[in-house]
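Now for the letters of each chain:
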Amino acid sequence: MTDIFELLKGKPEDHDYMKKGVIVQGITGAYGSIHARHMIRDGTNIVAGVTPGKGGQKFEGKVPIYNTMQEAVDATNAKISIIFVPAKFFLAAAKDALEAGIKLLVAIPEHVPIRDTMLTLELAKQKGAVVIGPNTPGIIIPELIKIGIMPITPFKAGKIAVLSKSGTLLYEISDALTTAGFGQSITIGIGGDPVNGTRLVDAFEMIKDIPDLEGLVVVGEIGGDSEEILAQRIIDSGFNKPTIAYIAGRAAPKEKRMGHAGAIIMGTYGSAESKISMFNKANIPVAKRPVEVPVLLAGKMEKSG
Amino acid sequence: MRLLEFQAKELFREYGINLLDSKSSTNIEEGRKHAKELGYPFVIKIQVPVGGRGKAGGIQMCQNDDEFELKYPQVMDLTIKGEKARAILLEKMADIKNELYLSIFLNRSKRCYTIIASSDGGVEIESIKNQIIKEIGLGDVSDEVAREVAKEIGLEGKIADGFVDTLKKLSKLAIEKEAELAEINPLAIMQDDTVITLDGKFVTDDNSNFRHEELQKYQEISEIQAQAEKSGFSLVELDGNIAVVGNGAGLVMSTLDMLSDNGGKPACFLDVGGGATTESVYEALTLISKMSRVKAILVNLYGGIVKTTVVAEAFLKAYENNLIDLPVFARLKGTESEKAKEMLQGSRTKIYNSVEEAINAAVMGVKN
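Residues numbered from 1 in each chain as written. Chains lettered and ligands numbered in written order. Predicted model: local features only at pLDDT ≥ 70, side-chain atom pairs only at ≥ 80, totals over all residues.

Asker: Sorry if this is basic, but what is going on with the interface of chain A and chain B here?
Answerer: In many analyses, interface size is given as the accessible surface area lost on bringing the parts together. Each partner contributes residues to the interface: chain A has 46 residues there, and chain B has 38 residues. Considering each element in turn, the side of chain A that touches chain B owes the most residues, five residues, to helix α6 (residues 167-179) of chain A. Residues that form the side of chain A that touches chain B fall into these classes: 21 nonpolar, 13 polar and 12 charged. (Contact = placed C-beta atoms within 7 Å. Helix = DSSP H or I, 4+ residues; strand = E, 2+ residues; numbered from the N terminus. Nonpolar A, V, L, I, M, F, W, Y, C, P; charged D, E, K, R; others polar.)

Asker: Can you help me understand the environment of L332(B) in this one?
Answerer: Residue and element names in this part refer to chain B. With respect to the helices and strands, the residue L332 is situated in strand β18 (residues 328-335). Residues L332 and S289 lie 43 residues apart in sequence; the distance between their C-alpha atoms is 21 Å. What L332 contacts, discounting residues up to four positions off in sequence, is L301, T308, V311, S337, A340 and I351.

Asker: So what exactly am I meant to see when it comes to the sheet that holds strand β2 (residues 45-50) of chain A here?
Answerer: Think of a sheet as strands paired side by side through backbone hydrogen bonds, with each pair either parallel or antiparallel. All names here are of chain A. What the seven strands build is an open sheet, ordered β3-β4-β2-β1-β5-β6-β7; its pairing is mixed. The two strands at the open ends of the sheet, each matched to only one other strand, are β3 (58-59) and β7 (130-132). Each of β1 (21-25), β2 and β3 is contacted by helix α2 (residues 30-41), which is oriented at about 160° to β2, the strand it contacts most. On the sheet, helix α4 (residues 90-99) packs against β1, β5 (80-83) and β6 (104-107) and is oriented at approximately 165° with respect to β6. (Pairing = 2+ DSSP bridges. Axes fitted to C-alpha atoms, helices over the stretch in contact; angles between N-to-C directions.)

Asker: What is the right way to read the domain arrangement of chain A from this model?
Answerer: Residues and elements named next belong to chain A. With domains assigned, chain A is organised as domain 1 (4-132) and domain 2 (153-304). The gap between the C-alpha centroids of domain 1 and domain 2 is 27 Å. Facing 11 residues of domain 1, the contacting portion of domain 2 comprises eight residues. Secondary structure elements with two or more residues in the side of domain 1 that touches domain 2: α5 (114-127) and β7. Residues belonging to the side of domain 1 that touches domain 2 are distributed by class as follows: 10 nonpolar, one polar and no charged. (Domains from an automatic or database assignment.)

Asker: Just checking my understanding: could you explain the domain arrangement of chain B for this structure?
Answerer: Per the domain assignment, the segments of chain B are domain 1 (21-92), domain 2 (96-216) and domain 3 (223-367). Here the C-alpha centre of domain 2 of chain B lies 26 Å away from the C-alpha centre of domain 1 of chain B.

Asker: Where do I start with the pairing of strand β4 (residues 63-66) of chain A in this structure?
Answerer: Both faces of the sheet carry side chains from a regular strand, because those side chains alternate between them. All names here are of chain A. Both β2 and β4 contribute to a ladder of two bridges, which runs parallel. Residue pairing in the sheet places G49 in a bridge with I65 of β4. Bridge count between β3 and β4: two bridges; the pairing is antiparallel. Among the inter-strand pairings, K58 is bridged to a residue of β4, identified as P64.

Asker: Mind showing me how you'd approach the nonpolar core here?
Answerer: Generally speaking, a soluble globular protein has its nonpolar side chains buried in company with each other. Core analysis: the biggest nonpolar cluster contains 151 residues, and L105(A), V217(A), V244(B), L270(B) and L298(B) have the highest contact counts within it. A per-element tally of this core places helix α7 (residues 249-261) of chain B first, with seven residues. Among all residues touching L298(B), those that are not within four sequence positions of it are I242(B), A243(B), V244(B), T255(B), L259(B), F329(B), A358(B), I359(B) and A362(B). Membership of the second largest hydrophobic core comes to 54 residues, among which are V195(A), A8(B), M76(B) and F105(B). (Core = buried A, V, L, I, M, F, W, Y, C linked by C-beta atoms within 7 Å. Buried ≥ 20, exposed ≤ 12 C-beta atoms within 10 Å, placed from the backbone.)

Okay, structure coming up:
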């Protein structure tokens, strides 16, 4: 299993330990430029940008722009990139990054065709790289590194891991956790697509052995069966840290896509009931409202004492 | 997008998959012409984008003109799970020996396509027994794999040949059109051992629409949906009376859940996307103003960096321009919320500190 913390923080002997370089693909686009600026403001070490045809220029007068990922990686040795290009150019951008040796690819675009995601994942597997997304808000270790589009105000450094399919619900629930005194060791946006580079169960494997982890919050939604598979893995692995789940979409009609490409119930496949009953089986309380999450977490912690 | 049966069959036919003769129509005059061309007996099948139409009386046998005149309008007038008939398909009857199940399905958790096949077809997938499941990566099915599947569900000789042929064609179709699901159910074995597709379901990946110009004719989209899409919103129309608006799919779903828990009936799911600006909120109100069933609007915005005053401006503008005359119950998480409340004082928009308060007020509001 990839050590996500080593990717995000580096090793103590690295010259850029705790400030790993990140390349922004699509840095001159409307969306990419706003979020590159925000990431820099929030303390992320943005070392380069890539926009074909704009090589040689500088972003905000500081960050060098390259035409290709190979040039950007050669110049910076960065292993992390974040993609902001329109969905129809995603596959080309992802290939460019993976071929250049990127080991952690954060895929922000929404509306990427499933086939393009699957082709990206095949290449990532060959190259030993991790893909987060697509259609994800990104990944953040609060107060250390943010590779994504989330506001930083809801997050605070701490010892709870949060995994979420949804963006705004991730902010909402992290905010509630922070307010209740539960900071986060890491939060990972899985993304709202049918096929995810990092599935809930993969994200669980990344965080389950954090030495000082005190709890886990899973924010799921209707569609697919990744929550069910995660619940089963939690049972099988004997993971015993306090865990709370939230599932959005109990009131959603069947066979309608609820905003996210992946949020659709087909027959009984993907229903909220199925997910909730699996979490119950794993002895994981499921909050009915986002604000209940910290309350249930506190209760669970008290019990496990 | 989810294709109707007759649309799926158009694609099946194009790829050489065996079908019975059939013709689709949208009115009885056209239907009469088709009846003559096909000849009795045939089946009248309603075309709706939902399952369970057989049980609801949407499939009727038809032996002669009298039955046709009676049954065609009956089937046309049905509403099944809230869906009205999009068309009527007349299809020749089949003398069948056995029914199989066959589909190529995107397995989300395994992140690959899978073949599901069974010798017991003809019922909904959930109740199909003896399923054979085979992972096939990006969807390509070799002759060898197709033979294996045929063997595993106990097919031999001419029937196996027909099955293999169908499976390979279905795979080609699924790959080329970027299907999430390509299903044949039932796949019938005829008295002469030929294999024929009786019913099909075909769902494509909406995100790949941009490279499938040829499928655009199947896109069924209401005016209001088209507008929502143009604004970059996601809209699902529901049948209640409280419109639900928010930013982010998860947050809006969560708001629908809480509203329903508290006895409210959502009129729509409207996700304006990650950010929230005066323009996007105004645009959302414009869409809602076109839904006559709406009695109140529930707004739940989580804006980490959004100024709530910016959103408040949109409400004021909407009242000022007589765009809406509905009460709005809003929870706006963001900065400057005190100032926003002041701006909205005396208007029909009320801002609440928590979504629970906004929901309760909205539910009470539509009762009065």
